[in-house]
Amino acid sequence: MCLLSVGIQLLYILGIFSRLAFYSDPDESGSSDGAASLPLVASPPAVDPPVSIIVCAWNELENLRTLLPLLDDQIYPDFEVLVMDDRSSDGTKEFLEKSADRFEHVRVIRIDREHDHVTPKKYALTTGIRSAAHDLILLTDADCQPAGDYWLAGMVTQLDRPNKEIVLGFGPYKRRKKHGWINRLIRYETLFTAVQYLSMALVGLPYMGVGRNLMYRRQLFLENKGFYSHIRVLGGDDDLFINEVATARNVAISVHPATFTYSKPKETFAEWWHQKQRHLSVGKHYKTRNKFLLGLLSLSHVLTWLTGPIIGLITLITVLQSGLSGMLNQPDGQLLLIASGLFGFRLLVFWAIVGRISYRLGHTVDWMAIPVLDLTMGIYYGIMGVVTLRPRRKNRIMKWK
């Protein structure tokens, strides 16, 4: 079991994740430190297509106060910022009305009621996309902040390639020292999720994106009937749509630090746990191929950490009792040594590959913490696998997000 699970892990790490670790993005300046505030070094598209940035908001007054100036100041020739105010009651409506003349690019659409046939956020987003002035749609959340003034330009640059209709961006969470281990866990889980969906896209198997930082063409949305197939599924306005429409040819990724959007992380384990349960419950609606590949990755991760340390401990005890030469003379001893060696090799390779990706993606987590966080993710996958398979109550009340 150990040999099989470690072997599967190595196939993913060396065959898929390494593609992202050594991916050469023509728009990168070669540095992940401070580059977020600098212009992109690559040449922009010959013609800058106009863009509609869409932000859906439900009681996000304080976040909008911070976000809207950052969006309005994007350095790009032609764009709009479309704010979908969905029944906010915290003063958002009044703030947007008073700020109408303050922002050059901001336009507001107010939604005054909820609709039974669709979840609120999907209704707001669908209305926004249909009302957008431009064909290119760039999505972010109200609690996000772009890395700098070239976020929009950097995302658009990725579409200046044949047949590209979707750009998958990265949306890390901010560091919060006062929240210690839970903040580190959130940042690592976000990093490892990005490792998977960005790497899969590079090998021609795209399966999701994150609404904190995602771009696609409105025509693609309309031709595929938007969220129709999962209109009442809570969540999935980003990953389920991408899961349906993404192909091996129409997806680009952006890993330039200038194109990141940073979000405020949850502050307690309970809040984060609730969020992840909702996110993972959407996965059952993925295509069968994607569910198989992701399930195999998670299961092998769990089994690797469940069997590897035990095998390693047994090997150490056996070596101390009978010596290395004694083990080499026994078939079972040879198998133990091979399994232990592969487990150690997998750990080192994972550490190196994910560590390099973390460095490229804005030093999301500290390199030295990766082995411990890797073990933590094995435990997390095991627990969440049980939780996800547990029957859920039907007719749950739908919330905005």
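Residues numbered from 1 in each chain as written. Predicted model: local features only at pLDDT ≥ 70, side-chain atom pairs only at ≥ 80, totals over all residues. Heavy atoms only, no water.

J.: What am I meant to see in helix α11 (residues 331–360) here?
T.: Given 3.6 residues per helical turn, the α-helix brings residues three or four places apart onto the same face. If you check α11, its first and last C-alpha atoms are 43 Å apart, about what 30 residues at 1.5 Å a residue would give, namely 44 Å. Just downstream of α11 lies G362, where phi reads positive at about 75 degrees. (Helix = DSSP H or I, 4+ residues; strand = E, 2+ residues; numbered from the N terminus. Expected span 1.5 Å × (residues − 1).)

J.: Is there a simple way to think about the pattern of salt bridges in this case?
T.: Opposite charge on two side chains permits them to pair, given that their charged atoms come into close proximity. The full count for this structure, using the stated rule, is 10 salt bridges. Notably, a salt bridge pairs E62 with R65, separated by 3.5 Å at the nearest N-O pair. A residue pair is termed a helical-turn pair when its members lie 3 or 4 positions apart in one helix, as E62 and R65 do in helix α2 (residues 61–72) at three residues. Under the relative-accessibility criterion, E62 is labelled exposed at 53%. R65 sits in the partly exposed class, given a relative accessible area of 40%. (Salt bridge = Lys/Arg side-chain N within 4 Å of Asp/Glu carboxyl O. Buried < 20%, exposed > 50% of the residue type's maximum accessible area, 1.4 Å probe, protein only.)

J.: Help me understand the packing of helix α10 (residues 288–328) against α11, please; the structure alone is not making it clear to me.
T.: Helices that pack against each other are described as a pair by the angle of their axes relative to one another and the distance between those axes. One way to put it is that α10 packs onto α11 with a least axis distance of 7 Å and a crossing angle of 130 degrees. On the basis of the axis angle, α10 is oblique to α11. The element α10 and its partner α11 pack so that their crossing is left-handed. Of the residues that constitute the contact of α10 with α11, the class distribution is 12 nonpolar, nine polar and one charged. (Axes fitted to C-alpha atoms, helices over the stretch in contact; angles between N-to-C directions. Parallel < 35°, antiparallel > 145°, perpendicular 65-115°, else oblique. Left-handed = near helix turned anticlockwise from the far one by under 90°. Nonpolar A, V, L, I, M, F, W, Y, C, P; charged D, E, K, R; others polar.)

J.: Would you explain the pairing of strand β3 (residues 106–111) in this entry?
T.: The side chains of a regular strand alternate between both faces of the sheet. Bridge count between strand β2 (residues 79–86) and β3: six bridges; the pairing is parallel. Counted as the bridge partner of M84 is I109 from β3. In this view, the connection linking β2 to its parallel neighbour β3 by way of helix α3 (residues 92–98) has right-handed handedness. (Pairing = 2+ DSSP bridges. Right-handed = clockwise from strand over helix to strand, strands pointing away.)

J.: Looking at this structure, I do not really get the confidence of the model for the protein chain. What am I missing?
T.: Segments scoring low in pLDDT should not have their predicted coordinates read at a detailed level. Confidence along the protein chain averages 87 in pLDDT terms, with 90% of residues attaining 70 or more. Counting interchain partners and residues more than four positions distant, the pLDDT-below-50 stretch residues 29–38 has 18 contacts. (pLDDT = per-residue confidence, 0-100. Contact = heavy atoms within 4.5 Å.)

J.: Honestly, the pairing of β2 in this entry has me stumped. Any pointers?
T.: Within β2, eight of the eight residues are buried, which leaves it mostly tucked inside the rest of the structure. Across the two faces of β2 the burial is the same, with F79, V81, V83 and D85 and E80, L82, M84 and D86 all buried. Following the backbone out of strand β1 (residues 51–57), through α2 and into the adjacent parallel β2, one traces a crossover that is right-handed.

J.: Explain the nonpolar core to me, please; I cannot follow it from the model alone.
T.: Counting residues in each nonpolar core, the largest one holds 78 residues, and the members touching the most others are I166, L168, Y188 and Y216. The contact partners of Y216, leaving out residues within four places of it in the chain, are I129, D135, L136, I137, L139, E165, I166, F221, F227, F241 and I242. Judged by nonpolar contacts, the second largest core, of 28 residues, contains I53, V55, A57 and A153. (Core = buried A, V, L, I, M, F, W, Y, C linked by side-chain atoms within 4.5 Å.)

J.: Sorry if this is basic, but what is going on with the packing of helix α1 (residues 2–21) against α11 here?
T.: Interaxial distance between α1 and α11 falls to 9 Å at its minimum, and their mutual angle equals 25 degrees. By the criterion of interaxial angle, the relationship of α1 to α11 is roughly parallel. At the point where α1 passes α11, the crossing takes the left-handed sense. Classifying every residue of the contact of α1 with α11 gives 19 nonpolar, two polar and three charged.

J.: Can you help me understand the side chain of S358 in this one?
T.: Position of S358 relative to the elements: it lies in helix α11. Of the residues examined, S358 reaches a relative accessible area of 1% and is grouped as buried. What S358 contacts, discounting residues up to four positions off in sequence, is L191, H363, T364 and V365.

J.: How do you make sense of the packing of aromatic side chains when you look at a structure like this?
T.: Both the distance between ring centres and the angle between the ring planes are used here to describe each pair of aromatic rings. As enumerated under the stated definition, the model contains 15 aromatic pairs in all. Between the aromatic rings of Y216 and F241, the centroid separation amounts to 4.9 Å while the plane-to-plane angle is 50 degrees, which identifies the pairing as tilted. Residue Y216 is found in strand β7 (residues 214–217), and its partner F241 is found in helix α8 (residues 239–245); the two are separated by 25 residues along the sequence. You'll find Y216 and F241 in the same group, each marked buried. Geometrically, the ring pair formed by F227 and F241 is edge-to-face, given 6.0 Å between the ring centres and 80 degrees between the ring planes. Note that F227 is positioned in the loop between α7 (218–223) and α8 and F241 in helix α8, a separation of 14 residues in sequence. (Phe/Tyr/Trp six-rings, centres within 6.5 Å; stacked < 30°, edge-to-face > 60°.)

J.: Can you walk me through the sheet that holds β7 in this structure?
T.: Within a sheet, adjacent strands bond to each other through the backbone by hydrogen bonds, running parallel or antiparallel. Read from one edge to the other, the open sheet built from seven strands follows the order β3-β2-β1-β4-β7-β6-β8, with strand pairing classed as mixed. Only two strands of the sheet have a single neighbouring strand rather than two, namely β3 and β8 (251–253). Taken over all neighbouring pairs, the strand axes of this sheet differ in orientation by 20 degrees on average, direction set aside. Across six bridges, β1 lies against strand β4 (residues 136–141) in parallel orientation. From the neighbouring strand, I54 faces β4, where its bridge partner is L139. Set on the sheet, helix α4 (residues 120–131) makes contact with β1, β2, β3, β4 and β7; between it and β2 the angle comes to about 150 degrees.

J.: So what exactly am I meant to see when it comes to the state of the cysteines here?
T.: Each disulfide consists of a covalent bond between the sulfur atoms of two cysteine residues. Inspection of the entire model under this criterion finds zero disulfides. Looking at C144, it has no disulfide partner, and the nearest cysteine sulfur is the one in C56, 12 Å off. Residue classification places C144 among the buried residues on the basis of a relative accessible area of 2%. (Disulfide = S-S within 2.5 Å.)

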